[in-house]
Amino acid sequence: AKGLLEFSEGKRLGPAGWRWLHIHVANMHGEDKISFDAREQWTVENYYWIVDCVKQPFEHREWMDADKPWQFLAGAIELVAAVESGDYENYFSHLPVTVDGTCNGLQHFSAMLLDQDGAASVNLQPSEIPSDIYQIVADKVKAKFATMDDPLAKQWLAWGFDRKATKRAVMILPYSGTQHAATEYIREYVKERMEAENPGAQFEDEFQATAFFAKHVWATIGETIQSAGTVMKWLKEIAKAVTRAKQPIRWTTPLGFPVEQDKREEDQFRLDLSLGKGIRYRPILSKESERFDRKAQAQGVSPNFVHSLDAVCLMLTINRALDEGITSFAMVHDSYGVPACDMDTLYVGLRQAFVDIYQGDVMGDFVRQATEGLPEEVRNALIAAQPPKGSFVLESVKESKYFFA
C-alpha cells in the first residue's frame, strides 16, 4: 500500500531532493546500516540493474530481494524517470521520501532518563555511522554463548544467527512486551529461516532451544537499555496504585492533550435464542463492568504514555514543517515522509521537536497528574521514586545524523 502512495502535488527535486531520492532508494533496499554518503553511492553504483528492474520488472526480479520491495520499486521508478527527464534537478517528484526512528519507543525512554548508553544504542548520540540496537543485542548474546559450556549455546553458535533473530524481541520491549512474546517471535524467526535457507545445523529440541535463546536475549536487552526497564517498572507501580484507588489513569501531554486510560473488566453472559423449527442459538456476549482491569491498566500504561509523547513529536514536527512551507506529508507513527526536496527541512525540525519535548520534566508531570486523588503518603512515595536522570546531553540529538534515518 505504501508503495502505491504519491503526493497529489509534485515538487522539483533540486540538489537536496536528488540526494535524498538516492538515499531513499538505498533505504528501501535495506542499505540503511551505512552512512548517508555510502547509501547515496550504493544507488549510483547499482543504477544499471535498477533501470533493468524498472523497464522489465517481470524479467529482472532483483527488486523482489529488497527489504521493502514495492517501496523500493516505486523509488526506482521515480529515480529513472528523473534521470530520463534530461534535467533531474527540475524533475517534479510526487514520491514520499521517508526517514524512520531507530526503535522509537526506546528513543523516548532513553531521552526521558538522559541515558547515555541507551542514547548511543538508538542513535540519539551523534555518530559517523548508524548504531544498530538489534545487532548490538545479537553480538552480546553471541559473546555470552561463546563463554558457555551449555550444549544449547553451542547449537545456536553452530546454527548461526543475526540481528533478525533479536529485532522483534527488542521492538516490543517499550510496549510492555514479555519474554513469552519474545519467545514466540524467535520461534517465528527460526521457522522462517528454516523454510528459506534450510541451514545444515539443526536443533536437537527446537522448542527448548528457542526458549533458551529468548531468555538470554531478553536479559541482554535489559542490560543494554536499562532506562526502558527502569521507567516501565515505575510506570506500572503508578498504574497499580491508581487502579487500587479505583481511578482511571489521567495525564496531559506537553501539548495540552488530555489522556485517560480506563480499561474495565468484562462480564460474560449467554443469550438463549430460538431461531424457529427447534433451532436454538446461545451466543456468549461480553459487557464492560464497573471493575477496573488491573492487569490491563498496568500493561497498557507504558505503551500509551510513550505513544502519547510520540504523537506530540509528530504534531510539533508537522507544525514546524508547515511554518517552513511544507504541505505534503506521509506519516505513520515513527516513519516521517515528505517530498524529497523538503527532507532537509524536516530533518532539522523533527530533531528540534524531540528536544523540545524532553527539555521539560515529562516524567515528573506524569506522576503528579496521574496520582492526583491518591492518599498523600502514597502519592509522595511514587513521586519520590521517579527514576534519576543520567548524563546524556539532550541538545546533541540535533547533531545526530541517524536519529531518524
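Per chain, residues are indexed from 1 in the order of the written sequence. Note on the predicted model: pLDDT of at least 70 is required for a residue's local features to be given, and 80 or more for side-chain atom pairs to be given and counted; whole-chain, interface and lining totals, by contrast, use all residues. Side-chain measures were taken over the full set of non-hydrogen atoms in the model, leaving aside hydrogen atoms and water.

1. Let's talk about the sheet that holds strand β11 (residues 335-339)
- Strand pairing is assigned whenever DSSP identifies at least 2 bridges connecting the two strands. Comment: elements are numbered from the N terminus, with helices defined as DSSP H or I runs of at least four residues and strands as E runs of at least two. Read across the sheet, three strands follow the order β3-β11-β10 without closing on themselves; strand pairing throughout is antiparallel. At either end of the open sheet lies a strand with only one pairing partner, and these are β3 (96-100) and β10 (330-332). Strand-to-strand twist of the sheet, defined as the mean angle between neighbouring strand axes without regard to direction, takes the value 15°.
- Across three bridges, the pairing between β10 and β11 is antiparallel. Residue pairing for β11: Ala330 is matched across the bridge by Gly337.
- Sheet contacts for helix α13 (residues 294-323): β10 and β11; angle to β11, the most-contacted strand, approximately 15°. Note on method: axes are straight lines fitted to C-alpha atoms, helices fitted across the in-contact stretch only, with angles between N-to-C directions ranging 0 to 180 degrees. In what follows, residue pairs with any heavy atoms lying within 4.5 Å of each other are defined as contacts.

2. Brief notes about the pattern of salt bridges
- Only one rule defines a salt bridge in this text: a Lys or Arg side-chain nitrogen within 4 Å of an Asp or Glu carboxyl oxygen. Under the criterion given, the structure shown has 23 salt bridges.
- Measuring nitrogen to oxygen at the nearest pair gives 3.6 Å for the salt bridge that ties Lys68 to Asp100. Within this pair, whereas Lys68 is found in the loop between α3 (47-55) and α4 (69-84), its partner Asp100 is found in strand β3, the two being separated by 32 residues in sequence.
- The rule is simple: take the accessible area with a 1.4 Å probe, protein chains only, and divide by the maximum for that residue type; under 20% is buried, over 50% is exposed, in between is partly exposed. For Asp100, a relative accessible area of 28% puts it in the partly exposed group.
- Several salt bridges converge on common partners, so that one network encompasses Arg19, Asp37 and Glu40.

3. A closer look at the packing of aromatic side chains
- Aromatic pairing here means that ring centres of Phe, Tyr or Trp (its six-membered ring) are within 6.5 Å. Orientation follows from the plane angle: under 30 degrees is stacked, over 60 is edge-to-face, and everything else is tilted. As enumerated under the stated definition, the model contains 25 aromatic pairs in all.
- Between Trp159 and Phe203, the aromatic rings sit 5.0 Å apart at their centres with planes inclined by 45°, giving tilted as the arrangement. Of this pair, Trp159 sits in helix α8 (residues 151-159) while Phe203 is found in the loop between α10 (179-197) and α11 (206-224), placing the two residues 44 residues apart along the sequence. With respect to class, Trp159 is no different from Phe203; both count as buried.
- Here the basic side chain of Arg264 rests over the ring of Phe292, its NZ or CZ set 4.0 Å away from the ring centre.
- By definition here, charges over rings are those cases where NZ of Lys or CZ of Arg is within 6 Å of the ring centre and within 35 degrees of the ring normal. Sitting over the face of the ring of Tyr347, Arg351 holds its NZ or CZ atom 3.6 Å from the ring centroid.

4. Considerations on unusual backbone geometry
- Here Cys103, not a glycine, exhibits a phi torsion of approximately 45°, which is positive.
- Within the secondary structure, Cys103 is located in the loop between β3 and α5 (104-113).

5. Some points on the state of the cysteines
- Cysteine sulfur atoms that come within 2.5 Å of each other are treated as a disulfide pair. Taken as a whole, this structure holds zero disulfides when the rule is applied.
- Take Cys313: it sits in no disulfide, and the sulfur closest to it among the cysteines is that of Cys103, at 15 Å.

6. Let's talk about α11
- A helix is expected to reach a length of 1.5 Å times the quantity of its residues less one. With 19 residues, α11 should cover 27 Å at 1.5 Å per step; its first-to-last C-alpha distance of 27 Å lies within 8% of that length.
- For α11, the complete set of buried residues consists of Ala209, Thr210, Phe212, Phe213, Ala214, His216, Val217, Trp218, Thr220, Ile221 and Thr224.
- Structurally, α11 contributes buried residues whose contacts are with α6 (116-121), α7 (133-146), α8, α9 (163-172), α10 and α12 (226-244).
- N-capping of α11 is provided by Asp205, with a side-chain oxygen placed 3.2 Å from the backbone N of Phe207. Under this definition, polar contacts are N or O atom pairs within 3.5 Å; protein pairs additionally need one hydrogen-donor-capable and one acceptor-capable atom, and for neighbouring residues in sequence, both atoms have to be side-chain atoms.

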